[in-house]
Amino acid sequence: MPHDYFNQELPLEAKRSFIFLSLLLALLFNLLPLQGIMLLLRPDFVAITLLYWSIHYPQRIGMSLAFMAGLAMDVSNSSMLGQHALAYCVITFFGMILHRRLRLFNSFQQAPQIFWILLIAQFAIFLTGLLGGSYFPTWYYFFPSVTGALLWPVISFLLGIPQKPKSDPNEL
């Protein structure tokens, strides 16, 4: 099915305050006190939000914002300082590099690529934790990459709602 690129509506520009608010909300979702299987399956909402903004608005987000979000995540998780910061910078890098290619697809078609980006970032967290002397995690350590890719269409829809152009009531 060919794409009709000429009849696509252009999204509105994202405000910096909305980007900051979405990252703050994602940080709060990461800090929810979950237990058991829900804790194992919880995706990294900050990583997914950073990836969304670096794909859709790479000029509005940068490595410095990703690094600061990673430091905030490290402090809130009591993990090794810089562990999430490195991973979030990797996510932002891949999002900025691949943003033109990924924007050609809809969010369901983007999900496999998002899975690999999240898996690379989680592998970076794993390696820095391993080199820092943390415990060796079990095989289900990488489940959040799968659930993050499965939640990608929902999160990209929710983050894209404010950027939808307003319809004209007088339009035919």
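First, a word on scope: everything that follows refers to the structure included in this document. (Residues numbered from 1 in each chain as written. Predicted model: local features only at pLDDT ≥ 70, side-chain atom pairs only at ≥ 80, totals over all residues. Heavy atoms only, no water.)

Thoughts on the packing of helix α4 (residues 63-77) against helix α5 (residues 83-97)
Helix packing geometry: the angle between the two helix axes and the distance between the axes.
Here comes step 1: As a packed pair, α4 and α5 sit with axes 7 Å apart at the nearest point and diverge in direction by 145°. The way α4 lies across α5 gives a crossing that is right-handed. In this structure, α4 contributes Met63, Ala66, Phe67, Ala69, Gly70, Leu71, Met73, Asp74 and Asn77 to the contact, and α5 contributes Gln83, His84, Ala85, Tyr88, Cys89, Thr92 and Phe93. (Axes fitted to C-alpha atoms, helices over the stretch in contact; angles between N-to-C directions. Helix = DSSP H or I, 4+ residues; strand = E, 2+ residues; numbered from the N terminus. Left-handed = near helix turned anticlockwise from the far one by under 90°. Contact = heavy atoms within 4.5 Å.)

So, the packing of aromatic side chains
Here comes step 1: The final tally for this structure, using the stated rule, is 12 aromatic pairs.
Here comes step 2: Ring geometry for Phe126 and Phe142: centres 6.0 Å apart, planes at 65°, overall edge-to-face. Here Phe126 is found in helix α7 (residues 107-131), whereas its partner Phe142 is found in the loop between α7 and α8 (143-160), with 16 residues between them in sequence.
Here comes step 3: An angle of 85° between the planes, with centres 5.1 Å apart, marks the rings of Tyr141 and Phe142 as edge-to-face.
Here comes step 4: Among the aromatic residues, those joined into a cluster by ring pairs are Phe18, Tyr52, Trp53, Tyr57 and Trp152. (Phe/Tyr/Trp six-rings, centres within 6.5 Å; stacked < 30°, edge-to-face > 60°.)

Notes on the nonpolar core
Here comes step 1: Core analysis: the largest hydrophobic core is formed by 32 residues, its most contacted members being Val46, Leu50, Leu51, Trp53, Tyr88 and Ile91.
Here comes step 2: Taken together, the elements giving at least two residues each to this core come down to α1 (16-30), α3 (45-56), α4, α5, α7 and α8.
Here comes step 3: With 9 residues, the top contributor of residues to this core is α3.
Here comes step 4: Once residues within four sequence positions are removed from consideration, Val46 is found in contact with Leu23, Ala26, Leu27, Asn30, Ala69, Met73 and Tyr88. (Core = buried A, V, L, I, M, F, W, Y, C linked by side-chain atoms within 4.5 Å. Buried < 20%, exposed > 50% of the residue type's maximum accessible area, 1.4 Å probe, protein only.)

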